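Below, each chain spelled out in residue letters.
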Amino acid sequence: MGMTMSQKILAAHAGLERVEPGQLIMANLDMVLGNDITTPVAINEFEKHDFDKVFHKDKISIVLDHFTPNKDIKAATQSKQCRCFAKDQAITNFYDVGQMGVEHSLLPEKGIVTCGDLVIGADSHTCTYGALGAFSTGVGSTDMAAGMATGRAWFKVPSAIKFNLTGKLNKDISGKDVILHIISKIGVDGALYRSMEFVGDGIQNLTMDDRFCIANMAIEAGAKNGIFPVDEQTLAYVEGRGERTPAIFTADEDAVYDEVYDIDLASIEHTVAFPHLPENGKTPSEWGDIVIDQVYIGSCTNGRYSDMEVAANILKGRHIAENIRCIVIPATQQIYKDCIKNGLVDIFIDAGCIFSTPTCGPCLGGHMGILAEGERCVGTSNRNFVGRMGHPKSEVYLASPQVAAASAIAGKLATPESVKGE
Amino acid sequence: MIAQGTVHKYGDNVDTDVIIPARHLNTQDEKELASHCMEDIDADFVHKVKAGDIMVGQANFGCGSSREHAPIAIKASGISCVIASSFARIFYRNAINIGLAIIESPEAAKEIKDGDLVKVDFDKGIIVNESQNKEYTFPPFPEFIQKIISSNGYLNAIKEGKFND
């Protein structure tokens, strides 16, 4: 019986010739990640258990991105704790305000993670790096502490679901629509404990940003990881981004999958997940009249340059509807600079949006766009749980940047086609 | 080990944002986290929970964020054990890593009612619903995970050299 991509990466990092689904293994890590919320808990555990030194100063990343620039004194205290620890331990990949970006956009951009890596991160969206053909998965702070101390983590080897993607996406349909479509199909626990392996001829028609977005939301289907094969686009992306050497793992011909889904990319429509689960995907004919209060364009799911660009193309020369707040947050400093250089910031501000320094802020109801009781937000983020962006009686609609920008203009949930030429 | 207490029952997909909303993640203090546990879906929970009580959920319990604050808040609120038909994987490993007892039992999760008195015998692998006079069995954890549980947490197990080979 052959192995999947995920199983091969795990086997290689555990020093085993092969692994079986369900097997519990200890594996060596290429990168251990934490942010300003999860790292303090990990530091406490690290110190409480008398670990002195981290296993490798270059293989740990600490990114202060969630409640930063700090929203209150307690958050500032947590950032300070991370800062002191990073300094004491001489952590190479420590990113403070000024250098930081939303972690899952920042690490690939900087070349800190690469193809074939085994990565754990104390953040559930660590699965994003599967777009690079890496096995990366979210864990908690205790796993982060153990990873920092020993360079290892325990894993239950997952079985996998295969998604065979064919064809090409239609105009203004993006990776976000693909993953919302898939989660609607299989449910928020449809891939529980398992890998989502994306393969097929259609992959070549997906940009790296589409792939990052799709892998990012694998966790919203309960998956342990989401992973794409490495192709020319992947290698072109990682080239020149750092000193890491990419490693390519390919699934065996006779790899076993629990289930196989065939998905024709051309059949995918604009998909929006209605409150309060990412599996509540609806296409335009099912939307009805959803009047909104806020639009949020950003996050580790859709805060990349191409997301900014498609939103700006829709907002160019237009103005957002009355009584709408539109919050645009590029994921990294590089993206922020590119938005300035290419005139996107002017477009956003002229349209009535705000354009902020990178932060995860509003996605998790941290700061920079909290919702009041009864308010509705169309967000390009990844979760629409009860109270996710603020009041327990507020609502979040998950959408692509195209739909988010169009909705800002219309003042209600809208497709980009419907606001053209108005 | 025995857990015994009154059941607080919830539905499918209890996510970490409702177990402990992100607005409270600016602290690591267990008691403070516990004081906000479940507040967005059950504001009374923190007032009625007693030490030793048992939480019951349905499918995909603990889905969402990787925040370890979620099992920490549940444990610090006094809950001795969480029974669900299935757990989201990060919550599952976080609970084991910090020493919060969890049991997957679809049958028990479905049939146990809010307010029932339930006793769990971990050594025998038995859940007894004393209110309904029903018993459910559950399989023991794999040896690998038992090493973590018997050390009362993953880092203790590492320190004790249980994963040296």
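Note that the structure is a prediction, hence the values are computed from the model and not measured.

A. Structural context of the packing of aromatic side chains. Inspection of the entire model under this criterion finds 19 aromatic pairs over all chains. Between B:Phe61 and B:Phe91, the ring centres sit 5.3 Å apart and the planes meet at 75 degrees, which makes this aromatic pair edge-to-face. With a gap of 30 residues between them, B:Phe61 in the loop between β2 (54–56) and α4 (69–76) and B:Phe91 in helix α5 (residues 89–98) connect regions that are remote in the sequence. Accessibility assignment for this pair places B:Phe61 and B:Phe91 in one class, buried. Grouped by ring-pair contacts, the aromatic residues A:Tyr193, B:Phe61, B:Phe87, B:Phe91 and B:Tyr92 constitute a single cluster. We note A:Lys156 situated over the ring of A:Tyr193; from NZ or CZ to the ring centre the distance is 5.7 Å. The ring of A:Phe51 carries B:Lys159 above its face, with NZ or CZ at 4.4 Å from the centroid.

B. Representation of the confidence of the model for chain B. Looking at chain B, the pLDDT average stands at 96 and 100% of residues meet or exceed 70. Interface confidence for the predicted complex, given as ipTM, is 0.95, next to a pTM of 0.97.

C. Up close: the domain arrangement of chain A. Residues and elements named next belong to chain A. Taken domain by domain, chain A holds domain 1 (5–264) and domain 2 (272–416). Averaged C-alpha coordinates put domain 1 and domain 2 at centres separated by 24 Å. Between domain 1 and domain 2, the contact holds 35 residues from the first and 38 residues from the second. Counting each side, the surface lost to burial between domain 1 and domain 2 is near 2,800 Å², with a carbon and sulfur contribution of 58%. Our enumeration of links across domain 1 and domain 2 arrives at one salt bridge. Note that Glu 220 and Arg 383 form a salt bridge whose closest N and O atoms lie 3.0 Å from each other.

D. Here's a closer look at the interface of chain B and chain A. Counting residues at the interface gives 44 residues for chain B and 54 residues for chain A. Where chain B abuts chain A, roughly 4,000 Å² becomes buried across the two surfaces, and 58% of that area is made up of carbon and sulfur atoms. Interface area lost by chain B to chain A is led by B:Arg89, B:Arg93 and B:Leu155, which between them contribute 19%. One can count three salt bridges joining chain B with chain A. Joining chain B to chain A, the criterion identifies 27 residue pairs in polar contact (both at pLDDT 80 or more). The dominant element in the side of chain B that touches chain A, judged by the number of residues it contributes, is α5(B), at seven residues. Per-class residue counts for the side of chain B that touches chain A are 19 nonpolar, 13 polar and 12 charged.

Each value, and the rule that gives it
Residues numbered from 1 in each chain as written. Chains lettered and ligands numbered in written order. Predicted model: local features only at pLDDT ≥ 70, side-chain atom pairs only at ≥ 80, totals over all residues. Heavy atoms only, no water. Phe/Tyr/Trp six-rings, centres within 6.5 Å; stacked < 30°, edge-to-face > 60°. Helix = DSSP H or I, 4+ residues; strand = E, 2+ residues; numbered from the N terminus. Buried < 20%, exposed > 50% of the residue type's maximum accessible area, 1.4 Å probe, protein only. Lys NZ or Arg CZ within 6 Å of the ring centre and 35° of its normal. pLDDT = per-residue confidence, 0-100. Domains from an automatic or database assignment. Contact = heavy atoms within 4.5 Å. Buried area = accessible area lost by both parts, 1.4 Å probe. Salt bridge = Lys/Arg side-chain N within 4 Å of Asp/Glu carboxyl O. Polar contact = N/O pair within 3.5 Å; in protein donor to acceptor, adjacent residues only side chain to side chain. Nonpolar A, V, L, I, M, F, W, Y, C, P; charged D, E, K, R; others polar.

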